[in-house]
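Chain by chain, the residues run as shown.
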Amino acid sequence: MGSLFANARSYSIGNKTSYSNGCTAELRWAFIRRSLSIDFNMAEEGHEQRRRLVLVAAPFQGHINPLLQLSAVLHSKGFPITIVHTQFNSPDPSNYPDFNFLFLQDGLSDHDIASLDLTAIVLVLNDRCQLPFQECLAKLVKEQETLGDQIACVIYDELSYFSEATAHNLKLPSIIFRTSNANTFLARSVLIEMYSLGRIPLADPLSQEAVLEHPPLRQRDLPISSFGPMKNFFKLLGNARDVRRSSAIVYNTMDCLEGSSLAKLQQHCHVPIFAIGPIHKIVPAPSCSLLEEDTNCMSWLDRQAPSSVIYVSPGSLASMNETDIQEMAWGLANSKQPFLWVVRPGSVHGSERAESLPEGFREITGEKGRVVKWAPQREVLAHNAVGGFWSHCGWNSLLESISEGVPMICRPSFGDQKVTARYVSQVWRVGLHLEDELERGEIESVITRLMVDKEGDEMRQRAMELKEKAELCIRTGGSSYNSMNKLVELIKSF
């Protein structure tokens, strides 16, 4: 299959499309036919059968990265890789020359995208991508058969559940990839049960009342969506959690963090569960940032003292109002700690500018602070100058932080972030949970607690211990290492 895409790495299904080398669809299929005849002759000369994997992404930063990291790991195990992605938020194939990319016509309108209703966007994608994916996968199966090769299975992000029906129709096994964690899945199951009993919506979304079905969560920690109508959210939850006829589930997590939760899930699941994280530490893979990373901040970090910098990043989707950013700015300034702060264009309601910072802020902080639009997060967290991470508590960010032994200030926005923040502060005890309204005095205090006080030193020590445990998980004989080998054995058995 590799030679088929040597000169035209990606194509779209649905309309006549131009490719990176400028060829049209007609020319592309002429190219494929020529390539097929060449490769078929090679097959007749004793070409070894290869088992290609098709991985279907969900088009959001927190989902694209781990899927591409998983693809890199599986490629290192000898599997040819094809990535299927929507045109919306599509990654740059040139960053992944070893993979083939197929881009689906997703049917999203500018209105759909501008709505920022993530629940609605996912539901629309699953409705509109199924037919293009059916056509796409059927063609790919025929190509592989002509080459004497075959597709081993389809691995799909849980939010791209349209993939399962197509795989089943083509008699291909499928595997679910969950980019969130096991605790979030359990919390979602509790939510669905509460919804069926009429206990959702909550009378008080900020209630401190314990969730008896899932300690240590409180009602305010439940992963309830803030996007669109509640009925749409629970429709999506039901679809995403349904295993259907898939053969296995893969989690980007590890036993040292979620061993008991994973065991509980496996008890109630009829297919094997593989915890193989942290995936980003197994095989080096290039970043797939949808925003341009400011790498100049790394030279600024080089000039800072060890463990002195607080890195602040609210994630790729979260946004805040003008008051919040003003309080954050003065809290950071008053803490007197060096800081690297990501202020993403669009992260402030009603503004695409990074200059929503208060007047005089840059002059007061001077060289002690650095504000960027986006940062190379994995490299930043690995830098010895970084001693703390103010995070939205997305699961990828949590894994990246723990993998480098960096304690956290948790400021979750929605969904699974709230579950993760609770576990960071109350179970793993490697961070502080900053709740309620942002206020500069409280921000200054929590930064000091993490970066200066003995409390922060103890969290840093626990974070370093988790880092060591995470490293053991992916080493030979570790739980994630063994799970990955079992996953590969399962795929080869199909």
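I will try to describe carefully the structure that is included in this document. Computed from a predicted structure; not experimentally measured.

**Some points on the pairing of strand β4 (residues 100-104)**
Point 1. In terms of burial, β4 is largely enclosed, as five of its five residues are buried.
Point 2. For strand β3 (residues 81-86) and β4, the ladder comprises five bridges, and the chain directions are parallel. Of the residues in β4, the one forming a bridge with His 85 is Phe 103.

**Notes on the packing of helix α16 (residues 440-451) against helix α17 (residues 454-474)**
In a pair of packed helices, the angle between the axes and the distance between the axes together describe the arrangement.
Point 1. Relative to each other, α16 and α17 sit at 55 degrees, their axes nearing to 5 Å. For the element pair α16 / α17, the angle class is oblique. Residues Arg 449, Leu 450 and Met 451 of α16 touch α17, and the partners they reach there are Glu 455, Gly 456, Met 459 and Arg 460.

**Here we look at helix α15 (residues 416-426)**
For an α-helix, 3.6 residues make a turn, and residues three or four places apart therefore share a direction.
Point 1. Counting buried residues in α15 gives 10 out of 11 residues, a clear majority hidden from the surface.
Point 2. Among all positions of α15, only Asp 416, Gln 417, Lys 418, Val 419, Thr 420, Ala 421, Arg 422, Tyr 423, Val 424 and Ser 425 are buried.
Point 3. In this fold, the buried residues of α15 make contact with α7 (182-196), α14 (395-403), β13 (408-410) and β14 (431-433).

**Remarks on the sheet that holds β13**
Point 1. Strand order across the open sheet formed by six strands is β11-β10-β9-β12-β13-β14, with parallel pairing between neighbours. Two strands lie at the open edges of the sheet, namely β11 (369-372) and β14, each paired on one side alone. Neighbouring strand axes in the sheet, compared pairwise and without regard to direction, differ in orientation by 15 degrees on average.
Point 2. Here strand β9 (residues 309-313) pairs with strand β12 (residues 386-391) via five bridges, running parallel. What sits directly across from Ile 310, in β12, is Gly 388.
Point 3. Docked against the sheet, α15 engages β13 and β14, running at close to 125 degrees with respect to β14.

Reading the values: rules and limits
- Residues numbered from 1 in each chain as written.
- Predicted model: local features only at pLDDT ≥ 70, side-chain atom pairs only at ≥ 80, totals over all residues.
- Heavy atoms only, no water.
- Buried < 20%, exposed > 50% of the residue type's maximum accessible area, 1.4 Å probe, protein only.
- Helix = DSSP H or I, 4+ residues; strand = E, 2+ residues; numbered from the N terminus.
- Pairing = 2+ DSSP bridges.
- Axes fitted to C-alpha atoms, helices over the stretch in contact; angles between N-to-C directions.
- Parallel < 35°, antiparallel > 145°, perpendicular 65-115°, else oblique.
- Contact = heavy atoms within 4.5 Å.

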